[in-house]
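Architecture and fold: a report
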Amino acid sequence: MMQFAGKSVCKGIALGPVRVWKKRKDPVERGVAQDTSAEIGKVLSACAQAKQQLQRLYGKALGEVGKEGAAILEAQRMILEDEAYLEAIRNKIRTEEVCATYAVAEAGEKISDMFSQMRDEEIRERAADVKDVSDRLIRILEGEGEDGLPKGSPAIIVARDLSPSQTVQMEKGKVLGIVTVRGSENSHVSILARMKNIPTLIGVPVDLAKIATGMEAAVDGFLGKVTFEPDETVRRQVKSRMEEEEKNRVLLGKLKGKPTVTPDGRYIRLCANIGCVGDLEGALENDADGIGLFRSEFLYLGRDSFPTEEEQFWAYKQAVQKMAGKEVVIRTMDIGADKQIGYLNLEKEENPAMGCRGIRICLKRPEIFKTQLRALLRAAVYGDLAVLYPMITSAEEVRQIFEIVRQAQGELDAAGIPYKCPRQGVMIETPAAVMVSGELAGLADFFSIGTNDLIQYTLAVDRQNERLADFYNPWHPAVWEMIRLVVKNAHACGKRVGICGELGADLRMTGAFIRMGVDELSVAPSMILPIRQAVRGYVPDLREV
Ligand code: PEP
Ligand code: MG
């Protein structure tokens, strides 16, 4: 039995087999083939598995991003049936007597390079697909699961670190828990784990070389403890805590359908934060009043090219339709900092959190922004959609955004495409935005305070830096003074103000937010009912700030 303490970023208990997730070794080693026919056989069987995976992903993508978005998976499946591609691999094995993995890596690289130099844009675009398909085959040949995630049975992921795009693809049912050696509480990996309600520990000092896939582990997100190969006593304790948890869940379930209102009659809008269409289920299941923050940038991660207007339109339309009349606030892409996308071809920055991020990219590359805006405006026809702009620092930026929105409207008008102009909100997550919130309140329809970044920029503490966790102080009076000012300025203009950063879900702060006059809290779906309980039982003696 091996036990470690870590920082819990999502409570809950998990018991099950471990899947150690390692990054694929790059470049692939040149292994010698003892039996070339056997190596060719391995490739063919990996192709069959890859086709099944792509078929499954196609079905899933159809439901999440529509036919056009899913088409990429169909194109990849066809590569696996392409004789020229297969023959290049077979030929490599036969003539150079190399192992299957090496042959796939080499042949894939060569074909992909060749495609990327073609004049025809369509062929050039296929280069990335060939690379993707080859990587998938290599993962299968190396015995790793789909996308590096557990294949088949649900498991606890143990990794050195994860990226936001890996985490966003995790399915609640397939990932029982997450344990990482690195990580910080306010990184997007932790936020996503909370959004998906997966018990997660970060900063666990475990030697990954001593942990094997298949080993049993118990993750206790309440106590911040993980036990590998737990003995009978630990297993019993964990199981009884799981039963307790279940009872608690049933009790909280009784709050579904009840209003989030304080005993003295103040109504608080209680919404959910989501990262993809798949997360809507959790929001509905937990009886959210709406979606307070849809982090649309996750549609852009984990792929090789921008999502098209149609793909985005489909995702946003799904969101508003599924929420059936409840408001869905979609934040325009907040790419940058820890959420990087290679195909944007941004220059490497010394300090990405203060670099080309969020609205700055949109203002510098209006054509990318306009594609998203057109998709949003079109989707607004199908339900109650509002747009939220991240990383704002001035009223001038908001005016520039409004001008681009007008251009997007003009384009849709010219093409005769139906649309609706949604409400437009501003995220208050920079000290500059706080200081000019009086002016911003005159322009925006509503405010949403992003406390994760507001703390980072106010205290000059990188939210990603695990070594600075002690300095990332959510109770700092400067932060609370700022929230107070923003609420005052919003209300002076008759605008509503919500909290969509992680502080909104901190039960120790619910009372303080109510006292300050915050109108809305938007939190991970699993925190909706606990917050509702806190609001309904609100007594004004909670911690003063
Ligand atoms: C925030 O900064 O509080 C926020 C909600 O946005 P993100 O965490 O995605 O930066
Ligand atoms: Mg932010």
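Note: the structure precedes this text.
Below is a short write-up of the structure. Numbers given to residues run from 1 along each chain, matching the order in which its sequence is written. Here the convention is simple: chains get letters from A, ligands get numbers from 1, in the order in which they are written. In keeping with the model being predicted, local features are shown solely for residues with a pLDDT of at least 70 and side-chain atom pairs are shown and tallied solely at 80 or more, while totals for entire chains, interfaces and linings include all residues. To obtain the side-chain values, all non-hydrogen atoms of the structure were used and water was disregarded.

This brings us to the overall build of the chain. Here a strand is any run of E in DSSP of at least two residues, a helix any run of H or I of at least four, and the numbering for each starts at the N terminus. When its secondary structure is counted, the chain shows 18 helices and 16 strands. Here the C-alpha radius of gyration of the chain, 25 Å, is about what a compact globule of 545 residues would show, namely 24 Å. Taking the principal axes of the C-alpha coordinates as reference, the chain spans close to 80 × 70 × 40 Å. Split into buried and exposed, the 545 residues of the chain put 54% on the buried side. Long-range contacts, defined as pairs at least 24 residues apart, comprise 70% of the intrachain contacts of the chain with a sequence gap of at least 6. To measure how exposed things are, a 1.4 Å probe is used in the Shrake-Rupley method; for residues, cover is taken only from the protein chains shown. By element, 51% of the accessible surface of the chain is carried by carbon and sulfur atoms, the whole surface being about 23,700 Å². Charge assignment: positive for Lys and Arg, negative for Asp and Glu; neither His nor the chain ends contribute. For charged residues, the charge sits on one atom: NZ in Lys, CZ in Arg, CG in Asp, CD in Glu. With 74 positive and 78 negative side-chain charges, the chain shows a spacing of 4 Å between the two charge centroids. Both definitions apply: the radius of gyration is a C-alpha atom measure, and the globule rule equals 2.2 Å times residues to the power 0.38. Burial classes follow relative accessibility: with a 1.4 Å probe on protein chains only, a residue under 20% of its type's maximum area counts as buried, one over 50% as exposed, and anything between as partly exposed. Between two residues, a contact is recorded if the distance between any of their heavy atoms is within 4.5 Å.

It is worth spelling out the coordination of the magnesium ion (ligand 2) at this point. Every protein donor of the magnesium ion (ligand 2) is listed here as Glu429 (OE) and Asp453 (OD), and their distances to the metal cover 2.0 to 2.1 Å. Remark: Asp453 occurs in helix α15 (residues 451-459) and Glu429 occurs in the loop between β13 (423-428) and α13 (431-435); sequence separation between them is 24 residues. The pair Glu429 / Asp453 is uniform in exposure class, with both members buried. Note on donors: an N, O or S atom is included if it sits within 2.8 Å of the metal, or within 3.2 Å for Na, K and Ca, and water is never included, so sites can look incomplete.

This next bit is on empty space enclosed by the protein. The pocket and cavity definitions rest on a 1 Å grid over protein atoms only: a 1.4 Å probe that fits but cannot leave marks a cavity, an open set with protein on both sides within 12 Å along at least five of seven lines marks a pocket, and residues lining either have an atom within 4 Å of a point. Grid points are joined across faces, edges and corners, and a volume is the space filled by probe spheres set on the points. Going through the model one piece at a time under the given rule, you end up with two cavities of 30 Å³ or more. Of the voids in this model, the largest cavity is the one considered here, and its volume is about 60 Å³. Looking at the largest cavity, it is lined by 13 residues, and the ones nearest its centre are Arg295, Arg331, Met427, Glu429 and Asn452. Among the elements of the structure, β10 (291-295) and α15 are those that each provide at least two residues to the lining of the largest cavity. Considering each element in turn, the lining of the largest cavity owes the most residues, three residues, to α15.

The term salt bridge refers to a side-chain nitrogen of Lys or Arg lying within 4 Å of a carboxyl oxygen of Asp or Glu. A complete count under the given rule lists 44 salt bridges for this structure. In this structure, the salt-bridge partner of Glu87 is Arg90, at a minimum N-O distance of 3.0 Å. One end of the pair, Glu87, and the other, Arg90, are both in helix α2 (residues 83-96), three residues apart, so they sit about a helical turn from each other. Residue Glu87 is classed as partly exposed on the basis of its relative accessible area of 31%. Looking at Arg90, the relative accessible area reads 15%, which means it is buried. With a closest N to O distance of 2.4 Å, Glu297 and Arg331 form a salt bridge. With Glu297 in the loop between β10 and α9 (309-322) and Arg331 in strand β11 (residues 328-331), this pair connects stretches of sequence that are 34 residues apart. Grouping residues by exposure puts Glu297 and Arg331 together as buried. Through salt bridges that share partners, Glu297, Arg331, Asp334, Lys339, Arg357, Asp453 and Arg463 make up one connected network.

Everything listed here is a matter of geometry and, on its own, says nothing about what the molecule does.
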